[in-house]
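Here's the letter readout for the chains.
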Amino acid sequence: MTDASAPASAAQRAFRDLLHAQRVWDIELPAFDPASAPQAPLPLFHAWFAEAVAAGQAEPHTMTLATADADGLPDVRTLMLHDADERGWHFATHATSAKGRQLAALPHAALGFYWPAQGRQVRVRGPVTACSAAESRADLHVRSTGALASALVGRQSEVLGSTGELDRASDAAWQRARAEPEAEVASWTRYVVEPHEVEFFQGDARRRHIRLRYHREAGAAGAPGNPGTWRRELLWP
């Protein structure tokens, strides 16, 4: 264990100086009146996403996905949003990947979006459902040749012997993706996070951040297709 009282090395001091020199939100941030927010979170997410794009936010469709492993320990990675609709927030991956296996064992997840161009975050939590094979195939084939090639490589999260091995597999996958644009990848799966909680965070330069959380209340007992209603509440920053 490192002794916290030990003198820091020059490299560590340089890192800390660099870290502490960073600033956030050296821009004019948008106002957000939670009283004007819609009754459900999806329209607000759509609006904030469009505003992030208009503000020039790089890769606004990227998000963090948090799952739990077999020991119940958290795991997190960054991937792309594929859709957000009345069913929930969509993404896709190999069912055989680490996150695919984790979701099979414990089908719950949390998502995080961060759009610093406007000082905004969105957090989504809820159970996860795997889509049908047909929808998963359609998800894969609507994407780019590179995305198909990456899926064809497969073996995601497995130990890699060398970068040369990756190069050979990738080259072969690119050739097949160009020759067979409808090639199937059995493990490719589209997932939907059904939101039970959605939080919208609007940063404020004076640290008077606005946090609006939507919490799904249960629908009528046993009523199929009844998503329930949303309760809105403010949180202390």
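Refer to the preceding data block for the structure.
This report concerns the structure included in the present document. (Residues numbered from 1 in each chain as written. Predicted model: local features only at pLDDT ≥ 70, side-chain atom pairs only at ≥ 80, totals over all residues. Heavy atoms only, no water.)

**Notes on the pairing of strand β8 (residues 197-202)**
Line of reasoning, step 1. Counting buried positions over the six residues of β8 gives six, a clear majority of the element.
Line of reasoning, step 2. Residue alternation in β8 divides its side chains into two sets, Glu197, Glu199 and Phe201 and Val198, Phe200 and Gln202, and both sets are buried.
Line of reasoning, step 3. Looking at chain direction, strand β6 (residues 120-130) and β8 are connected through six bridges and run antiparallel. Opposite Gln121, over in β8, you have Phe201 as the bridge partner. (Buried < 20%, exposed > 50% of the residue type's maximum accessible area, 1.4 Å probe, protein only. Helix = DSSP H or I, 4+ residues; strand = E, 2+ residues; numbered from the N terminus. Pairing = 2+ DSSP bridges.)

**Regarding unusual backbone geometry**
Line of reasoning, step 1. Even without being a glycine, Arg155 presents a positive backbone phi close to 60°.
Line of reasoning, step 2. For Arg155, the position within the fold is in the loop between α5 (145-153) and α6 (163-179).

**Overview of the pattern of salt bridges**
Side-chain pairing between opposite charges can occur once the charged atoms of the two side chains come close.
Line of reasoning, step 1. Enumeration over the complete set of coordinates arrives at 14 salt bridges.
Line of reasoning, step 2. A salt bridge links Asp75 to Arg77; the shortest N-O distance between them is 3.3 Å.
Line of reasoning, step 3. Given a relative accessible area of 28%, Asp75 falls into the partly exposed group.
Line of reasoning, step 4. By relative accessible area, Arg77 is classed as buried at 17%.
Line of reasoning, step 5. The closest approach of N and O atoms between Arg176 and Glu180, which form a salt bridge, is 3.6 Å.
Line of reasoning, step 6. Here the salt bridges do not stand alone but share partners, grouping Arg213, Glu217, Arg231 and Glu233 into one network. (Salt bridge = Lys/Arg side-chain N within 4 Å of Asp/Glu carboxyl O.)

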